[in-house]
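Report on the structure
Spelled out from the first residue to the last, the chains are:
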Amino acid sequence: MTERRAQIERNTGETQIKLDFTVDGEGRSELETGVPFLTHMLDLFTKHGHFNLTVDANGDTEVDDHHTTEDIGICLGHVLKEALGDKKGIRRYGNAFVPMDETLAQVVVDLSNRPHLEFRAEFPSQKVGTFDVELVHEFMWKLALEARMNLHIIVHYGHNTHHMIEAVFKALARALDEATSIDERVKGVPSTKGML
């Protein structure tokens, strides 16, 4: 099978990002995001999805973490879509529940080429360390938009914001690992339309 891997270099007046993503990896990450909490989330995303991910990002974090977080989401979505190519043989759908202590998160994905985000999570805190919690939604929306996937995120319950966000990223990793995996029973593209 051809290596499912893609890279992007994206430069704007606010961020400069180089990102390299491999679908069928070993859970290896090399991350320089300038946003420590996002680095932590991307590290465990990579590990639990069995991907490989390299991120070298410089952004205007002296203002806040918004542009860097958003633009890394854009870049990750772009390379995910590109790495999957024509999507022949993939499972397409993925669903994962992940508990973390008192929290239970669920992520469901459809690599449908129709971007949509449903985000059902109420976080008790507005910040985790210096990270603005509202940026989780911003990251996920840009990821879904650029990857052109249907992404449903549900935090069923929890009261520790760090645990809740971490469970979401782990569930995202596991759902994407399932959706991108090859199913030998699938002949061509998993759609009656004949394309995704």
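Structural data are supplied above this passage.
Heads up: these notes are all about the structure in this document.

What counts and how
- Residues numbered from 1 in each chain as written.
- Predicted model: local features only at pLDDT ≥ 70, side-chain atom pairs only at ≥ 80, totals over all residues.
- Heavy atoms only, no water.
- Helix = DSSP H or I, 4+ residues; strand = E, 2+ residues; numbered from the N terminus.
- Rg over C-alpha atoms; globule rule 2.2 N^0.38 Å.
- Buried < 20%, exposed > 50% of the residue type's maximum accessible area, 1.4 Å probe, protein only.
- Contact = heavy atoms within 4.5 Å.
- Lys, Arg positive; Asp, Glu negative; His and termini not counted.
- Charge placed at Lys NZ, Arg CZ, Asp CG, Glu CD.

Digging into the overall build of the protein chain
When helices and strands are counted, the protein chain shows four helices and ten strands. Starting at the N terminus, the α and β elements of the protein chain follow one another as β-β-β-α-β-α-β-β-β-β-β-α-β-α. Taking 16 Å as the expected radius of gyration for a compact globule of 196 residues, we find that the protein chain reaches 16 Å, a close match to that expectation. In terms of principal-axis extent, the alpha carbons of the protein chain reach across some 50 × 40 × 30 Å. Each of the 196 residues in the protein chain was classed as buried or not, and the buried ones make up 53%. A separation threshold of at least 6 residues defines the contact pool for the protein chain, and within that pool the share at least 24 residues apart is 77%. Here the protein chain carries 21 positive and 32 negative side-chain charges, and the mean point of each set is 10 Å from the other.

Things to note about unusual backbone geometry
Phi is positive for Arg92, close to 80°, though the residue is something other than glycine. Mapping Arg92 onto the fold places it in the loop between α2 (66–84) and β5 (93–100). Of note in this structure, Asp101 is not a glycine but carries a positive phi near 55°. Tracing the backbone shows Asp101 in the loop between β5 and β6 (103–110). Residue classification places Asp101 among the exposed residues on the basis of a relative accessible area of 65%.

Any functional reading would require information that these geometric values do not contain.
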